[in-house]
Amino acid sequence: EQENCMKASIDSVSSEIQQLSREFEAELKKKEDEIEEMQLRLEKQKTRRKELEKHFQKVDKNNFEKQQEENALKAVLELEKKAMALLDNGATQMQKLYRGVRDRKLVK
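The shown structure was predicted, so the numbers you read here are calculated from the model rather than taken from an experiment. Residues take numbers from 1 onward in each chain, read along the sequence in its written order. Two thresholds apply to this predicted model, a pLDDT of at least 70 for residue-level local features and 80 or more for giving and counting side-chain atom pairs, whereas whole-chain, interface and lining totals are computed over all residues. Computation of side-chain values covers all heavy atoms of the structure but excludes hydrogens and water.

**Student:** What is the right way to read the environment of Leu20 from this model?
**Tutor:** A helix here means a DSSP run of H or I that spans at least four residues, while a strand means a run of E at least two residues long, and both kinds are numbered starting from the N terminus. Looking at the secondary structure, you find Leu20 in helix α1 (residues 2-107). Accessible area is worked out with a 1.4 Å probe on protein chains only. A residue is then buried under 20% of its type maximum, exposed over 50%, and partly exposed in between. By relative accessible area, which is 48% here, Leu20 ends up partly exposed. Distance from Leu20 to Phe64, taken between C-alpha atoms, is 64 Å for residues 44 residues apart in sequence.

Structure below.
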């Protein structure tokens, strides 16, 4: 009878161990799935970060080129301004010379 009681106890403990083992394996599977999902999200985030870094490198390069073009345009505008001043001054000098010659001829 004691043997039957021990067998029943062993069977009970054995079935409890099997149940706990199944529960453990189910929880382990959940955790593994969560880890796999997190790794996938991490990979997606890494890919997105790389895309954004490339995009912002292009933006920075574009802004740099834009600044260089604006500086070149300012230089060209400054040269044009100086050229116009030189032309205006030359035209004024030519008018002075012409009027001076004309007026001297009129006085003679």
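**Student:** What's the story with the pattern of salt bridges in this structure? I'm lost.
**Tutor:** Opposite charge on two side chains lets them pair, provided their charged atoms get close. The salt bridge definition used is simple: a Lys or Arg side-chain nitrogen within 4 Å of an Asp or Glu carboxyl oxygen. Inspection of every chain in the model, using the stated rule, returns seven salt bridges. The salt bridge involving Lys30 is made with Glu27; its shortest N-O contact spans 3.6 Å. Residue Lys30 and its partner Glu27 are located together in helix α1, separated by three residues, close to a single helical turn. Here Lys31 and Glu34 are joined by a salt bridge, their closest N and O atoms 3.9 Å apart. Here the residue Lys31 and the residue Glu34 both occupy positions in helix α1, the gap between them amounting to three residues, near one helical turn.

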